[in-house]
Amino acid sequence: MEFEHVTFDLPHGTFHALQGGDPNGQPTVFLHGFPDHPPTARLFLAELGRRGRYVVAPWLRGYSPSPTAGPFDFVSLTSDVLALIDRWSPGRPVELIGHDWGALITYDACVTAPEKIVRAVALGIPHPLTFMSRLTHLAQLRRSWYMGLFQLPGSGWVATARDLSLIDHLWRQWSPGFSLDPALKAELHEHLRASMPAPLKYYRAMLRPGMIGATRRMSKPIKVPLLQLYGANDDCILPAQVDDRHRFAAQHAMEVVPDIGHFLHIEAPEAIAERIALWSLAL
């Protein structure tokens, strides 16, 4: 299934995206995470298309060829996505699927503009407030060491040194036993080099005053049906280990998928797309 490269002129600049699937199907927006971009998910996007979706997958703010200028607070990141939805699917709510940082933006978008989202899927990360509470636990703190590194001056140089060896290390650590296709890896490296240090500024924004407003906003229950999927072998983000059902006011499901890691939609594109399709049919 072919995906074309398209652009959208949004308030923050010209955003680039992949677009494809069933033009008559359910409009679906996929948001990538760190350190990633849409092309690595082509097989997953194609599987969504085969299951009746018309998909757009943007390069998020901070990721070349989309604008790399900040700010990178939640309000700004979410406003980009909502503007894209307005431009791409005016008048028809979308299915919103996000991985990693894309999942965090998905949660925020569901709270900010639930009328624009018919249902949502969060891959690889729990509700933002649940995740923040997990950072007080040693098991998660050990896995989140890179967040502290990215606060330091010069961390952009560290991330790109030795042909992005740190980035490759994170991929290996987070998805043990998985190797990204060499051609996809080379393309990802090229885009990340052109983007740095902007992707790291997402983590720096977490410690800025704007995060207080985001915390208040995301304390409201989510009124959009939402599915959470985790890889059982994820060595980046631990699944929610507390009962946080009070954060969801609509239908909600959570599943840990065996034998895959953090980049679950890339490791098992058909299986993850099928789980999403079955869940959506059951709503």
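Residues numbered from 1 in each chain as written. Predicted model: local features only at pLDDT ≥ 70, side-chain atom pairs only at ≥ 80, totals over all residues. Heavy atoms only, no water.

As named in an unreviewed UniProt entry, the protein is Alpha/beta hydrolase, taken from Flavobacterium johnsoniae.

Trainee: I keep staring at the overall build of the protein and nothing clicks. Help me out?
Mentor: Assigned secondary structure in the protein consists of 12 helices and 8 strands. Scaling as 2.2 N^0.38, a compact globule of 283 residues should have a C-alpha radius of gyration of about 19 Å, and the protein matches this with 17 Å. In terms of overall dimensions, the protein has a C-alpha envelope of 45 × 40 × 40 Å along the principal axes. Every one of the 283 residues in the protein was classed for burial, and the buried ones make up 59%. Relative to all contacts within the protein whose residues are 6 or more apart in sequence, the contacts with residues 24 or more apart total 78%. For the protein, the accessible surface area stands at approximately 11,400 Å², while carbon and sulfur atoms represent 56% of it. Both charge centroids of the protein, one from 26 positive and one from 27 negative side chains, sit 7 Å from each other. (Helix = DSSP H or I, 4+ residues; strand = E, 2+ residues; numbered from the N terminus. Rg over C-alpha atoms; globule rule 2.2 N^0.38 Å. Buried < 20%, exposed > 50% of the residue type's maximum accessible area, 1.4 Å probe, protein only. Contact = heavy atoms within 4.5 Å. Areas by Shrake-Rupley, 256 points an atom, 1.4 Å probe, with all protein chains shown as cover. Lys, Arg positive; Asp, Glu negative; His and termini not counted. Charge placed at Lys NZ, Arg CZ, Asp CG, Glu CD.)

Trainee: For this particular structure, what's the right way to read helix α3 (residues 101-112)?
Mentor: An α-helix turns once per 3.6 residues; consequently, residues spaced three or four apart project the same way. Under the 1.5 Å per step criterion, the end-to-end length of α3 is 16 Å for 12 residues, consistent within 8% with the ideal 16 Å. Judged by how many residues are buried, α3 sits mostly within the fold: 11 of 12 residues are covered. Residues of α3 that are buried: W101, G102, A103, L104, I105, T106, Y107, D108, A109, C110 and V111. (Expected span 1.5 Å × (residues − 1).)

Trainee: Help me out: how do you make sense of the packing of helix α1 (residues 42-50) against helix α12 (residues 269-282) in this one?
Mentor: A pair of packed helices is characterised by two quantities: the angle between their axes and the separation of those axes. Where α1 meets α12, the closest approach of the two axes is 9 Å, and the angle between their N-to-C directions is 40°. For the pair α1 and α12, the sense of crossing is right-handed. In this structure, α1 contributes L43, F44, E47 and L48 to the contact, and α12 contributes P269, E270, I272, A273 and I276. Counted by class, the contact of α1 with α12 contains 7 nonpolar, no polar and 2 charged residues. (Axes fitted to C-alpha atoms, helices over the stretch in contact; angles between N-to-C directions. Left-handed = near helix turned anticlockwise from the far one by under 90°. Nonpolar A, V, L, I, M, F, W, Y, C, P; charged D, E, K, R; others polar.)

Trainee: Got a minute to help me understand the pairing of strand β1 (residues 3-10) in this structure?
Mentor: In regular strands, side chains alternate between the two faces of the sheet. Pairing of β1 with strand β2 (residues 13-21) involves 8 bridges; the strand directions are antiparallel. Each bridged residue has a counterpart across the sheet, and for V6 the counterpart in β2 is A17. Connecting β1 to the antiparallel partner β2 that follows it, the hairpin turn spans 2 residues. (Pairing = 2+ DSSP bridges.)

Trainee: Explain the environment of N233 here, please?
Mentor: Within the secondary structure, N233 is located in the loop between β7 (226-231) and β8 (252-257). On the accessibility criterion, N233 (35% relative accessible area) is partly exposed. Dropping the residues within four chain positions of it, N233 is found in contact with W174, P176, D259, I260 and G261.

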